[in-house]
Amino acid sequence: MPFAENNARLLRTLAVPVTPFYAVAMLVRNRLFDRGILRSETFPFPLICVGNLCAGGSGKTPMTEYLVRLLSPTCLVGVVSRGYGRKTQGNLLATDNMTASQIGDEPMQYLQKFGHLPQGFTLYIAKDRCQGIAELKAHAPDCRAVILDDAYQHRRVRAGLNILLTEYRKPYFSDYLLPIGNLRESRAGSRRAQIIVVTKCPPDLSQEQKQAFLKQCRPLPGQQVFFSRIAYEEIKPVKDAQTFVPENGVVLFSGIANPAPIEEHLQSQGIPLLHHFRFGDHHEYTRQDLMRLERACRQDKNTCREDRTACLLTTEKDFARLAGHPDLGILAGIPLCVLPMRIEFLFGEAKTFDDRITEYINKK
């Protein structure tokens with residue numbers, strides 16, 4: 001087991017005595033909000049909150065992107081994000097000339113994808129979601145709907161529609177509070193959701209497996225549960241590459257929570273994985289990192305051929321962190337591609353989900 005993983009487990013073990021205090025603190029906080037003692041702000045326009053109960057990734061970024069794609073053809077959409085990992089302070093309106101270090105890697109990914117939508121797209125970075133919503137609306141008064149990225153525990157805002165995400169293989173109802181488990185709050189927090197989306201399901205999930213999951217999940221009356229998977233799109237050249245040649249293979253580098261599905265996807269597509277450089281989640285790439293990648297592609301005969309037709313492959317989120325990097329020139333001449341991903345609903349549930357979202361927007 002790697003040293004870092006051993007270290008993390010040791011820290012969690014030492015922190016176990018803190019769990020009861022954390023549980024009580026979260027219980028009291030949620031009760032105060034539920035009873036109106038602590039105030040939740042409401043807004044007179046559609047607010048959709050996307051979040052989860054656990055720490056780490058459950059597919060919030062693909063879901064936010066799905067909602068933007070769904071709504072943007074008919075209305076101006078805004079997104080408010082905390083901007084995790086940014087080096088700046090205060091609230092910011094994201095603009096084309098900004099970098100991931102200023103607004104965070106996930107917002108940078110949104111900006112790269114949606115910044116030039118014909119009907120417009122507004123992205124605001126704010127730790128305090130109440131302030132962020134108000135300032136976004138002041139800047140873009142025609143904004144019809146606002147999506148709150150990773151704001152499920154931000155109880156100071158009362159969204160009209162809460163979408164709770166949970167991974168199929170790591171559902172919240174089988175998890176425990178931090179630091180023993182990964183839950184930010186107790187399982188009871190799932191009751192605030194109007195929609196629960198089960199993410200990262202196997203593509204061949206059966207009806208029997210679906211019903212078994214629902215039996216354990218035990219949704220409340222009125223809660224809708226949808227099942228989805230991550231679908232990978234065609235590999236897209238982004239730098240020094242006109243086309244992607246699968247048979248030449250790829251050198252993969254990633255700084256995300258769980259890159260194993262990417263490896264599985266490459267294997268299923270018959271694309272040779274020559275090497276995989278794994279970095280920590282939200283890793284900030286350094287000059288030394290880029291030099292390692294450069295050496296692998298230019299010198300390692302077991303990794304890339306001398307004609308350099310094998311490409312460097314990464315995720316959209318990682319590429320967002322590289323955009324504007326002062327040392328990106330180190331990779332000059334080396335083909336760089338990204339593997340886009342999106343959420344895809346199973347069992348023909350996409351229309352039902354879409355109708356539920358548009359119904360909420362139209363009624364508000």
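Scroll up to find the structure.
Cut-offs applied
Residues numbered from 1 in each chain as written. Predicted model: local features only at pLDDT ≥ 70, side-chain atom pairs only at ≥ 80, totals over all residues. Heavy atoms only, no water. Helix = DSSP H or I, 4+ residues; strand = E, 2+ residues; numbered from the N terminus. Rg over C-alpha atoms; globule rule 2.2 N^0.38 Å. Buried < 20%, exposed > 50% of the residue type's maximum accessible area, 1.4 Å probe, protein only. Contact = heavy atoms within 4.5 Å. Areas by Shrake-Rupley, 256 points an atom, 1.4 Å probe, with all protein chains shown as cover. Pairing = 2+ DSSP bridges. Right-handed = clockwise from strand over helix to strand, strands pointing away. Core = buried A, V, L, I, M, F, W, Y, C linked by side-chain atoms within 4.5 Å. Phe/Tyr/Trp six-rings, centres within 6.5 Å; stacked < 30°, edge-to-face > 60°. Axes fitted to C-alpha atoms, helices over the stretch in contact; angles between N-to-C directions. Parallel < 35°, antiparallel > 145°, perpendicular 65-115°, else oblique. Left-handed = near helix turned anticlockwise from the far one by under 90°. Nonpolar A, V, L, I, M, F, W, Y, C, P; charged D, E, K, R; others polar. Salt bridge = Lys/Arg side-chain N within 4 Å of Asp/Glu carboxyl O.

Caption draft 1: Summary view of the overall build of the chain. Scanning the chain from N- to C-terminus turns up eleven helices and 14 strands. The globule rule puts the C-alpha radius of gyration for 364 residues at 21 Å, and the 21 Å found for the chain is close to it. With the C-alpha coordinates aligned to their principal axes, the bounding extent of the chain is approximately 65 × 45 × 40 Å. Taking all 364 residues of the chain together, the buried fraction comes to 50%. Sequence separation of at least 24 residues holds for 78% of the intrachain contacts in the chain that already meet a minimum separation of 6. Of the roughly 18000 Å² of accessible surface on the chain, a fraction of 52% belongs to carbon and sulfur atoms.

Caption draft 2: Inspection of the pairing of strand β13 (residues 336-339) at higher detail. Neither face of β13 is left uncovered, since the one carrying Leu336 and Val338 and the one carrying Cys337 and Leu339 both have all their residues buried. In terms of strand pairing, strand β9 (residues 236-239) meets β13 through three bridges, oriented antiparallel. Bridge pairing in β13 places Pro237 opposite Cys337. Note that strand β12 (residues 311-315) and β13 share four bridges and pair parallel. The residue bridging Thr315 from the neighbouring strand is Leu339, located in β13. Handedness of the β-α-β unit built from β12, helix α10 (residues 316-322) and β13 comes out right-handed.

Caption draft 3: Broad picture of the nonpolar core. Counting residues in hydrophobic clusters, the biggest one holds 38 residues, and the most contacted among them are Ile48, Met63, Leu67, Ile163, Val197, Phe353 and Ile357. With five residues, the single largest contributor to this core is helix α3 (residues 60-71). Contact partners of Phe353, with chain neighbours within four places excluded, come to Met63, Tyr66, Leu67, Ile163, Ile195, Val197, Phe226 and Phe345. Grouped together as the second largest cluster of nonpolar side chains are 37 residues, Ala151, Ile196, Cys201 and Phe213 included.

Caption draft 4: Focus on the packing of aromatic side chains. Taken as a whole and assessed by the stated rule, the structure comprises 14 aromatic pairs. The interplanar angle of 90 degrees and the centroid separation of 5.3 Å between the aromatic rings of Phe226 and Phe353 together place this pair among those described as edge-to-face. In this pair, Phe226 is assigned in strand β8 (residues 224-232) and Phe353 in helix α11 (residues 350-363), connecting sequence segments 127 residues apart. For the pair formed by Phe226 and Phe353, the shared burial category is buried. Ring geometry for Phe227 and Phe347: centres 6.2 Å apart, planes at 90 degrees, overall edge-to-face. With Phe227 in strand β8 and Phe347 in the loop between β14 (341-345) and α11, the pair connects residues that are 120 residues apart, well separated along the chain. Under the relative-accessibility criterion, Phe347 is labelled partly exposed at 30%.

Caption draft 5: Fine view of the packing of α3 against α11. Put simply, α3 and α11 touch, their axes get as near as 11 Å, and they point 70 degrees apart. Overall, the two elements α3 and α11 adopt an arrangement that is roughly perpendicular. Relative to α11, α3 is oriented so that their crossing is right-handed. On α11, the residues touching Met63, Tyr66, Leu67, Leu70 and Leu71 of α3 are Ala350, Phe353, Asp354, Ile357 and Ile361. Its residues assigned to classes, the contact of α3 with α11 shows nine nonpolar, no polar and one charged.

Caption draft 6: View of the side chain of Thr122. Take Thr122: it is sitting in strand β4 (residues 121-125). Given a relative accessible area of 7%, Thr122 falls into the buried group.

Caption draft 7: Structural view of the pattern of salt bridges. A full pass over the atoms with the stated rule returns 22 salt bridges. Among the salt bridges present, the one from Arg192 reaches Glu185, with a minimum N-O distance of 2.8 Å. The two residues Arg192 and Glu185 agree in class, both being buried. Between Arg342 and Glu344 there is a salt bridge, with the nearest N and O atoms lying 3.0 Å from each other. With relative accessibility at 29%, the residue Arg342 sits in the partly exposed group. Beyond isolated ion pairs, a larger network of salt bridges with shared partners links Glu65, Arg69, Lys113 and Glu316.

Purely geometric numbers; function is a separate question.
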